[in-house]
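Tertiary structure, described
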Amino acid sequence: MDTKKEKKAWKDVEHGQRFLNAFRGIGVFWIMTNSLFRYVSSLAIILVIILGFYLHVSISEWISLVFAIGFVVVSEAFNTAIEIDIDLTSPEYHPFARDTKDVAAAAVVLSALVSVIVGFIIFLPKIFLIDKI
């Protein structure tokens, strides 16, 4: 168990240290995230960027693409945080723990589907115009 001094130190973390902790959290997210997600999402992001430049998307389309990419990554970060917490608080199997993890994973899938729809809305008209030239 943490001592009172450790608990107080945890509660009274300075703002600069909190900022550094956030970057540590990004590292934890990267390490704890399923490697399949890391590689598939990285490839998808690279593909979207290449297509964006190749198809000359507008500024507003770039903004939509960045938000769509961010939506998926942030959803996965929350999913990872929830999984870490559930693994800590419910190390034994429990149906509520399973349901919590499944709902968090569903949020990632839903965000990915929304991002795919955004990509279709932006890229499909441009792709079909290229075929007509």
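Scroll up a little and you will see the structure.
A brief structural summary. Keep in mind that this is a model prediction, so the values were computed, not measured. (Residues numbered from 1 in each chain as written. Predicted model: local features only at pLDDT ≥ 70, side-chain atom pairs only at ≥ 80, totals over all residues. Heavy atoms only, no water.)

Some details on the packing of aromatic side chains
Here is the rule we go by: The rule is short: rings of Phe, Tyr and Trp, with Trp giving its six-membered ring, pair when the centres are within 6.5 Å, and they are stacked under 30 degrees, edge-to-face over 60, tilted in between. Runs of H or I in DSSP of at least four residues are treated as helices and runs of E of at least two as strands, each being numbered from the N terminus. Only protein chains enter the accessibility calculation, which uses a 1.4 Å probe; a residue whose area is less than 20% of its type maximum is buried, one above 50% is exposed, and one in between is partly exposed. Throughout this description, the term charge over a ring refers to an Arg CZ or Lys NZ atom that lies within 6 Å of the ring centre and within 35 degrees of the ring normal.
With the rule as written, the count across this model stands at 2 aromatic pairs. Between Phe 19 and Phe 23 the ring centres are 5.0 Å apart and the planes differ by 80 degrees, which places this aromatic pair in the edge-to-face class. On the criterion of helical spacing, the pair formed by Phe 19 and Phe 23 is a turn pair, its members being 4 residues apart in helix 2 (residues 15-32). Ring geometry for Phe 53 against Trp 62: centres 5.1 Å apart, planes inclined by 55 degrees, an arrangement best described as tilted. For Phe 53, a relative accessible area of 57% gives the class exposed. The ring of Trp 30 carries the charged tip of Arg 38 above its face, separated from the ring centre by 5.2 Å.

Description of the pattern of salt bridges
Short version of the rule: A carboxyl oxygen of Asp or Glu within 4 Å of a side-chain nitrogen of Lys or Arg is what we treat as a salt bridge.
Taken as a whole, this structure holds 3 salt bridges when the rule is applied. The salt bridge involving Lys 126 is made with Glu 61; its shortest N-O contact spans 3.3 Å. Taken together, the residues span a long stretch of sequence, with Lys 126 in helix 5 (residues 95-132) and Glu 61 in helix 4 (residues 59-89) at a distance of 65 residues. For the pair Lys 126 and Glu 61, a shared accessibility class is recorded, and that class is buried. Taking the shortest distance from any N to any O, the salt bridge between Lys 101 and Asp 87 comes out at 2.5 Å. With Lys 101 in helix 5 and Asp 87 in helix 4, the pair connects residues that are 14 residues apart, well separated along the chain. For Lys 101, a relative accessible area of 25% translates into the label partly exposed. Taking relative accessible area as the criterion, Asp 87 reaches 43% and is therefore assigned partly exposed.

Any functional reading would require information that these geometric values do not contain.
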